Amino acid sequence: QVQLIESGGGLVQAGGSLRLSCAASGRTFSTYAMAWFRQAPGKEREFVSRISGSGGITQYADSVKGRFTISRDNTKNTVWLQMNSLKPEDTAVYSCAAGTAAWPISRNPNSYEYWGQGTQVTVSS
């Protein structure tokens, strides 16, 4: 069982930056692939980024590639999402997720067993 708690969301102007954190409970954090998803009002949940258990492999949605960076520290049971050059279309609730499936774990949200409660990111124009 893993509990995930996100933090770091907020209101930022276009072009600004935010850093999201996801703190996980449990002793086996390094065995989980971690991912960030987002969901804007009236839209389906969307894959943003994922990182392997060791942190050695990362992947991004095309819409955030070059602007967002995912990282993790298994000694701190934490994964981060550094978001730079934010755009109004990045506005959404961002959630972190943990999955036990072998890498490369799917980008499909259904492949992740554990979810945080989400944190709101709002980018003003």
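Residues numbered from 1 in each chain as written. Predicted model: local features only at pLDDT ≥ 70, side-chain atom pairs only at ≥ 80, totals over all residues. Heavy atoms only, no water.

**Some details on the pattern of salt bridges**
A side chain with one charge can pair with a side chain of the opposite charge if their charged atoms come near. Scanning the model with the defined rule gives four salt bridges in all. Put simply, Glu46 and Arg38 hold a salt bridge, and the shortest N to O gap is 2.8 Å. The exposure class of Arg38 is buried, given its relative accessible area of 5%. Among the ionic pairs, Arg67 bridges to Asp90, the shortest N-O distance being 2.7 Å. (Salt bridge = Lys/Arg side-chain N within 4 Å of Asp/Glu carboxyl O. Buried < 20%, exposed > 50% of the residue type's maximum accessible area, 1.4 Å probe, protein only.)

**Points about the packing of aromatic side chains**
What the rule picks out here adds up to five aromatic pairs. Both rings, one in Tyr32 and one in Tyr114, keep their centres 5.9 Å apart while their planes meet at 80°; by these two values the pair is edge-to-face. Of this pair, Tyr32 sits in the loop between strand 3 (18-24) and strand 4 (33-39) while Tyr114 sits in strand 10 (residues 114-115), placing them 82 residues apart in sequence. A relative accessible area of 8% means that Tyr32 is categorised as buried. Measuring from centroid to centroid gives 6.4 Å for Tyr112 and Trp115, while their planes differ by 70°, and the two rings are edge-to-face. Tyr112 gets classed as buried once you look at its relative accessible area, which sits at 4%. Looking at Trp115, the relative accessible area reads 25%, which means it is partly exposed. Sitting over the ring of Trp103, Arg50 keeps its end group 5.2 Å from the ring centre. Note that Arg72 overlies the ring of Phe29, its terminal NZ or CZ placed 4.4 Å from the centroid. (Phe/Tyr/Trp six-rings, centres within 6.5 Å; stacked < 30°, edge-to-face > 60°. Helix = DSSP H or I, 4+ residues; strand = E, 2+ residues; numbered from the N terminus. Lys NZ or Arg CZ within 6 Å of the ring centre and 35° of its normal.)

**Section: the nonpolar core**
Across soluble globular proteins, nonpolar side chains have a tendency to be buried as a group. Among the nonpolar cores identified, the biggest contains 37 residues, and Leu4, Met34, Trp36, Leu81, Met83 and Tyr94 are the most heavily contacted of them. Breaking this core down by element, the ones donating at least two residues are strand 3, strand 4, strand 5 (46-51), strand 7 (68-73), strand 8 (78-83), strand 9 (92-99) and strand 11 (119-124). (Core = buried A, V, L, I, M, F, W, Y, C linked by side-chain atoms within 4.5 Å.)

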